[in-house]
Amino acid sequence: MLIRLRGGHVVDPATGVDGVADVYFEDGRIVAPPQGREPDEDYDVSGHIVMAGAIDIHSHIAGGNVNSARLLLPEMHRSIRARLDGTPLATAKWSTFETGRLYAQMGFTTVVEPAVAPHHALHSHLELGDVPIIDKGALTVLGNDDFLLAALRERESETAIADYVAQTVEATGTLGLKCINPGGADAFKQNMRAFGLDEIVPFYGVTSRQIFKSLQKATQTVGIPHPLHLHMNNLGIAGNIDTALATIDAAEGLPMHLAHVQFYAYGLEGKNAFSSAAPALAAKINANKNITVDVGAVMFGDTVTISSDVLRQFNSLSGAIPKKGVIFDGDANGGGVVPYAYRISNYYNAIQWAAGLELFLLIEDPLQVFFTTDHPNGGPFTTYPELFALLMSAELRAQWMERLPADVLEMTSLPSIKREYTLHEIALMSRAGPARLYGFTDRGRLGEGAVADIAVYKPQKDKAGMFRNAAYVFKDGENVVRDGVVTRYTKGKTLRVRPGYDRAIEKRLDAYYDELYGLSRSIFDVPEAALAGRSVYAEVACRN
Amino acid sequence: MSNATLDGKSISSEDAYEKAAEILQAANFPLVAGLGADVAGAQAAILLAERLRGAFDHLASRDSLADLEVVRSAGIFVTTPNEARVRADLVLLVGPGLTGYWPAIFDRLALDKETVHGGKTKRRVLWVGAKRGEAKIEGVEVETIPATEAELPGVLAALRARVGGRPVTLPAAAAKKLDAAAEALKSARFGVAVWSAAGLDSLMVEMLQGMITELNATTRFTGVPIGGRGNATGVLQTSAWMTGFPPRTGFGRGYPEHDTWRFEASRLVESGEADAALWISAYSGEAPPWEDVDIPLITLGPPGSAPKHGLFIAVGKPGENYDAVEFAQETSSMVLRRASAPAGLPTVAEAIAAISAKFSEDLPC
């Protein structure tokens, strides 16, 4: 069936379109305007903005740690209204079903869950399979696993490490590799309470720097399109700007993605010895085109922090609001779940909020900076519309700044920044850029052949309102949202890569699991049969 | 032979599914209980309860909730049995009957072997409140702290007090023994407590976790919980991502509400609030806990577990008769168990799908 969206303002940086145009799609794909054929369905979207479906590159939506957070905080997600027909559990707050509905409602059609522990990959995929409508992807976490650390200690070849990386990514069905406080989780098991870039993991004799550099290299070698996704050391600590700057230097010009960098943009200025160092970090990123970042912006409100940086989360426990948490020493990284409340009246929280916006506004190239709140760590993904609005209006930012503690404004450059994002830049950051970052060639754009994942917004004075409730959303060409309401479920796919490697590593890993655990390694497999058709894979091509 | 019975008499599968659909659709507030099922079975059962605006509970909810009450009021430190196996230089076993709750416990923890990660060390093993004659592990010298079930809460409290350097009123010999144990816990590098909530109550788990929190001020200490029977942990996890809540959740208002008293299966049945029940016990055929209640009942269980009354539909045993995903105690993760004895029996999910296919069209989807 041929469908036309007629007369909308198309904003599609990937094809260079920024003006009134028609968009045609058929059988789930965008097609060129057909000659001599009338569309079977025609939507008049004149006066609307038409973009590709948005892509969230880093959002904790599934897996054991997210589920622990649900169980830890029943008081945080009481439901309040019944669902509509045809959308089971769509109003069950914080359920996988609600997650799919809420993302779709905002015009997001692809979301990447960034922390899959290899031994819990099946659990993550089971949850992702129960997220309706949107397509999903994930990143596999390495960097605190004994096999890798021991290989580095024994100075094994880069080839061996590359094979191990490729095998693990393939076995866990993800889009690439994330490294979280490299070595820090293991060091915490050995009772270290802080862990910096050049500190040594006891027993292995390797530094954090060595660990992530080996993984960065391996990711490039095996041709995974997404560069190593790094959660650096010293998250959330005053003065950690030094760690961030040193880490960028350590990348030595090779591609690397730094996650939720707002949490590393802190200086030591002022009477509280806590200030925004976002300008310095943004300048460094502007000067290093090999680096991409997502912001991990803070938005005020109650939330919960969920992280595989178990050392950091243990240290956060004393500040938990409410005072409880889960600390899980996993087979490698594990995780920590600590509830928290960001308050506009709190000096530190207000600095964090400002630093996030500064990064968005001071990093010049929208293809280097991505839209995240590190959901739910800086705030839930449902705050994205407010963030879009803040980026698009200096006046709105000024209104918010009036409500901050007065001394905050002396410790951030935000008041002096007048930049306002255009829709073109919003589309670059939330559509074209993420597709490039993950090597997706079939989405993030409205060009011929792309999947017909399309978001249509009705412009209004309240920009947040415009992005919160899309006028229409099409997923694979099917209309799933109308006037901000999800009318039906479709089943999304799970995107993954399959990097090639020397299969000899499998025998070695089999022997390793037998020896260490007295278990067959296959117990940790993620067979498609186990997903019972709920998680259908689609493959993203590797570079070689 | 048909695999379905009505009041003990054989009926065809088709008739059974038809009858089951009638019973569930006619109910005002149906209960889906037992839930001894694999993940796919639990997913189907929870979606069914939601569609019917009923409630669901698991047969071992009491045990899951004993741990969960601690999690959601105070928090928890946990690790995997495999991490304990490779790293724990001290293991504190808590309470009686651990080998009953988890028969493979000592194969998995391998306490007779040295630690691997963080360096090779011989382990120290303490057992507080073991049953008489229970504290024997081959190749391991077990230090025991005796406590009857009635004494266990007090002994745990005293141990926690001594770890924190607080005074206790105990006879000198007992205090000396506890002091030695407290000293051992504090000098562990990576200590792990192992308990089963089936043998403890929430306050004891909270006492244990409170002690672990205090131990982490100076060293590393964590815990391994032994989950409940009938895939209790797997169903708990599934319930959490699907609804946000653990079992004992109802959908009367069209959205999930969780209440450990209100949606407890026996209470719902005995009070008459639930007016039909689907009882699922695919692993063991365990019978419902309520007694002498005449409620329209559909049972899904392994062959041979048919009750005298009500409708029974035989299903396969998960992981034995069919490939099934469940929570594995040995890895503390979801795993696929391949069928060891495939049988031509429906899975729990298939049986529920077959029932749902018989609903009349006026039931909203």
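Residues numbered from 1 in each chain as written. Chains lettered and ligands numbered in written order. Predicted model: local features only at pLDDT ≥ 70, side-chain atom pairs only at ≥ 80, totals over all residues.

Peer 1: I would appreciate a short explanation of the overall build of chain A in the present structure.
Peer 2: When helices and strands are counted, chain A shows 16 helices and 26 strands. Over its C-alpha atoms chain A spans a radius of gyration of 23 Å, differing by no more than 12% from the 24 Å that the globule rule assigns to 544 residues. Expressed as lengths along the three principal axes of its C-alpha atoms, the size of chain A is roughly 70 × 60 × 45 Å. Taking all 544 residues of chain A together, the buried fraction comes to 59%. Counted over contacts in chain A with a minimum sequence separation of 6, partners at least 24 positions apart contribute 77%. (Helix = DSSP H or I, 4+ residues; strand = E, 2+ residues; numbered from the N terminus. Rg over C-alpha atoms; globule rule 2.2 N^0.38 Å. Buried ≥ 20, exposed ≤ 12 C-beta atoms within 10 Å, placed from the backbone. Contact = placed C-beta atoms within 7 Å.)

Peer 1: Got a minute to help me understand the domain arrangement of chain B in this structure?
Peer 2: Buried accessible area, meaning the area lost when the parts come together, often serves as the stated size of an interface. Residue and element names in this part refer to chain B. When its domains are assigned, chain B resolves into domain 1 (4-60 + 230-356) and domain 2 (65-226). Here the C-alpha centre of domain 2 lies 35 Å away from the C-alpha centre of domain 1. In this complex, domain 1 contributes six residues to the contact, which on the side of domain 2 involves nine residues. When the residues that make up the side of domain 1 that touches domain 2 are grouped by side-chain class, the tally is one nonpolar, four polar and one charged. (Domains from an automatic or database assignment. Nonpolar A, V, L, I, M, F, W, Y, C, P; charged D, E, K, R; others polar.)

Peer 1: Hey, could you run me through the environment of Gly253(A) in this one?
Peer 2: Of note, Gly253(A) is situated in the loop between helix 8 (241-250) and strand 13 (256-258). For Gly253(A), a count of 10 C-beta atoms within 10 Å gives the class exposed.

Peer 1: For this particular structure, what's the right way to read the sheet that holds strand 18 (residues 326-329) of chain A?
Peer 2: By definition, the strands of a sheet pair up through backbone hydrogen bonds, in either a parallel or an antiparallel sense. The strand order across the open sheet formed by four strands is 17(A)-19(A)-18(A)-5(B), and the pairing between neighbours is mixed. Two strands bound the open sheet, and with one partner strand each, they are strand 17 (301-307) of chain A together with strand 5 (76-79) of chain B. Averaged over all pairs of adjacent strands, the angle between strand axes in this sheet comes to 20 degrees, irrespective of strand direction. For strand 17 of chain A and strand 19 (residues 335-342) of chain A, the ladder comprises seven bridges, and the chain directions are antiparallel. Note that in strand 19 of chain A the partner of Gly301(A) across the bridge is Tyr342(A). (Pairing = 2+ DSSP bridges. Axes fitted to C-alpha atoms, helices over the stretch in contact; angles between N-to-C directions.)

Peer 1: Sorry, what's going on with the packing of helix 5 (residues 158-172) of chain A against helix 16 (residues 504-517) of chain A here?
Peer 2: Each pair of packed helices gets described by two things: the angle between the helix axes and the distance between those axes. All names here are of chain A. In contact at an axis separation of 10 Å, helix 5 and helix 16 are set at 80 degrees when each is read in the N-to-C sense. Taken together, the axis directions place helix 5 and helix 16 in an arrangement best described as roughly perpendicular. Contacts between helix 5 and helix 16 pair Asp-163, Tyr-164 and Gln-167 from the former with Ile-505, Glu-506 and Leu-509 from the latter. Looking at the contact of helix 5 with helix 16, its residues break down into three nonpolar, one polar and two charged. (Parallel < 35°, antiparallel > 145°, perpendicular 65-115°, else oblique.)

Peer 1: Looking at this structure, how should I read the interface of chain B and chain A?
Peer 2: With 53 residues of chain B at the interface, the matching set in chain A holds 48 residues. Only helix 2 (39-51), helix 3 (61-73), strand 5, helix 4 (81-87), strand 10 (220-226), helix 10 (232-243), strand 16 (324-328) and strand 17 (333-337) of chain B provide two or more residues apiece to the side of chain B that touches chain A. Split by residue class, the side of chain B that touches chain A holds 26 nonpolar, 17 polar and ten charged. Sheet topology places strand 18 of chain A next to strand 5 of chain B; four bridges connect them, and they run parallel. Residue Asp329(A) lies in a different strand from strand 5 of chain B, and its bridge partner there is Thr79(B).

Peer 1: What is the right way to look at the pairing of strand 2 (residues 17-26) of chain A in this model?
Peer 2: A regular strand carries its side chains on alternate faces of the sheet. Residues and elements named next belong to chain A. Direction of pairing for strand 1 (residues 2-12) relative to strand 2: antiparallel, over a ladder of nine bridges. Bridged to Leu-2 within strand 2 is Glu-26. Pairing of strand 2 with strand 3 (residues 29-31) involves three bridges; the strand directions are antiparallel. Bridge assignment links Glu-26 to a residue of strand 3, and that residue is Arg-29. With antiparallel pairing between neighbouring strands as the criterion, strand 2 and strand 3 make up a hairpin whose turn holds two residues, including Asp-27 at a positive phi of roughly 50 degrees.

Peer 1: Just to check I follow, could you spell out helix 10 of chain B for this structure?
Peer 2: An α-helix turns once every 3.6 residues. As a result, residues three or four positions apart point the same way. Residues and elements named next belong to chain B. Here helix 10 contains twelve residues, and its C-alpha end-to-end distance of 16 Å stays within 8% of the 16 Å for a straight helix at 1.5 Å per residue. Judged by how many residues are buried, helix 10 sits mostly within the fold: twelve of twelve residues are covered. Of all the positions in helix 10, only Ala-232, Thr-233, Gly-234, Val-235, Leu-236, Gln-237, Thr-238, Ser-239, Ala-240, Trp-241, Met-242 and Thr-243 are classed as buried. Two residues or fewer after helix 10 comes Gly-244, characterised by a positive phi angle close to 90 degrees. (Expected span 1.5 Å × (residues − 1).)

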